[in-house]
Amino acid sequence: TSIPPLRRALGAAGVPVEVASDEVPLVRDPAVLPLLDALRAVVNLDNDDVEEVEHIDPARAEALLLGPLGGLDAGDVRRLARRLRSREKEQSKVEGRTPRTSRDLVRRVIVEPGFLDGLDGPEVGRARALAQLLLDAREEMRGGASAEELLWMLWSRTGWPARLRRSVDLGGGAARRAHRDLDSVCALFDVAARAEEQRDHVGVRA
């Protein structure tokens, strides 16, 4: 857990650093994966090609809700699915069609604007907040926002930073894990910032 801050301190002092090859690459670090997954979702909100590798399928949508940006737990997702399924049964009867599956309904929470309209409850509120954040980030992307700016937006507009700060205050193992996660997130922002400095424009897809 001391490697990231130590590497940055030595690098700032001009000391060459070579990290052992068994260190987890940043793009696979568990702490940064939620941010990278959310960024991919922002890029692919309109992607309806189920054969395309970046398509947001039900599993990816559920993972976003269950991750630190969404803040839901498994029970929340089940309650959300039940609410959606109950509404779907009524609507499908009126429209004379087969009800959509619970997994498809949960996916639509992420990719279909306003899909939660008319529903309430704490789990609905958290899911709605995540869906709106992704939509807002997409608008920023279309307006020319850089990858660094989008990552910061996805990070700062959720309860994840506050939860990590509370974990740090608790001390012990929780604090060590929180420090490690914060180091990894900071390293991700450092990489995005350096890329921005090195190029006239950083495309989010890159």
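Reference entry: report on the structure contained in this document.

Procedures and definitions
- Residues numbered from 1 in each chain as written.
- Predicted model: local features only at pLDDT ≥ 70, side-chain atom pairs only at ≥ 80, totals over all residues.
- Heavy atoms only, no water.
- Helix = DSSP H or I, 4+ residues; strand = E, 2+ residues; numbered from the N terminus.
- Buried < 20%, exposed > 50% of the residue type's maximum accessible area, 1.4 Å probe, protein only.
- Areas by Shrake-Rupley, 256 points an atom, 1.4 Å probe, with all protein chains shown as cover.
- Phe/Tyr/Trp six-rings, centres within 6.5 Å; stacked < 30°, edge-to-face > 60°.
- Axes fitted to C-alpha atoms, helices over the stretch in contact; angles between N-to-C directions.
- Parallel < 35°, antiparallel > 145°, perpendicular 65-115°, else oblique.
- Left-handed = near helix turned anticlockwise from the far one by under 90°.
- Contact = heavy atoms within 4.5 Å.
- Nonpolar A, V, L, I, M, F, W, Y, C, P; charged D, E, K, R; others polar.
- Core = buried A, V, L, I, M, F, W, Y, C linked by side-chain atoms within 4.5 Å.

## Looking at the overall build of the protein
Consideration 1: For the protein, the count of helices and strands is nine helices and zero strands.
Consideration 2: Along the protein, helices and strands appear, N-terminal first, in the series α-α-α-α-α-α-α-α-α.
Consideration 3: Sorting the 206 residues of the protein into buried and exposed places 38% on the buried side.
Consideration 4: Accessible area of the protein: about 11900 Å², with a carbon and sulfur share of 51%.

## Here's the deal with the packing of aromatic side chains
Consideration 1: What the rule picks out here adds up to two aromatic pairs.
Consideration 2: With a centroid separation of 5.7 Å and an interplanar angle of 65°, the aromatic rings of W152 and F189 are classed as edge-to-face. Here W152 is found in helix 7 (residues 147-156), whereas its partner F189 is found in helix 9 (residues 172-198), with 37 residues between them in sequence.
Consideration 3: Centre to centre, the rings of W155 and W160 are 5.1 Å apart; their planes meet at 65°, and the pair counts as edge-to-face.
Consideration 4: Residue classification places W155 among the buried residues on the basis of a relative accessible area of 7%.
Consideration 5: Take W160: its relative accessible area is 6%, and that puts it in the buried class.

## Quick notes on the environment of S86
Consideration 1: Here S86 is to be found in helix 4 (residues 74-95).
Consideration 2: S86 sits in the partly exposed class, given a relative accessible area of 41%.

## Focus on the packing of helix 3 (residues 58-66) against helix 4
Consideration 1: At a minimum axis separation of 9 Å, helix 3 and helix 4 run at an interaxial angle of 125°. As summarised for this structure, helix 3 and helix 4 are arranged oblique, according to the angle between their axes. As for the relative orientation of helix 3 and helix 4, their crossing is right-handed in sense. Each of E62, L65 and L66 in helix 3 lies in contact with helix 4, whose residues at this interface are A74, V77 and L80.
Consideration 2: Taken together, the residues of the contact of helix 3 with helix 4 sort by class into five nonpolar, no polar and one charged.

## Side note on the nonpolar core
Consideration 1: Grouped together as the largest cluster of nonpolar side chains are 48 residues, with contacts concentrated most on L35, L65, L80, L84, I110, L134 and L154.
Consideration 2: Contributions of two or more residues to this core are made by helix 2 (33-43), helix 3, helix 4, helix 5 (102-111), helix 6 (122-142), helix 7, helix 8 (160-170) and helix 9.
Consideration 3: No other element matches the eight residues that helix 6 contributes to this core.
Consideration 4: Sequence-distant contacts of L65, that is, excluding residues within four places in its chain, are made with G70, G71, L72, V77, L80, V106, I110, A127 and L130.

In short, the description is geometric, and any link to function would need to be established separately.
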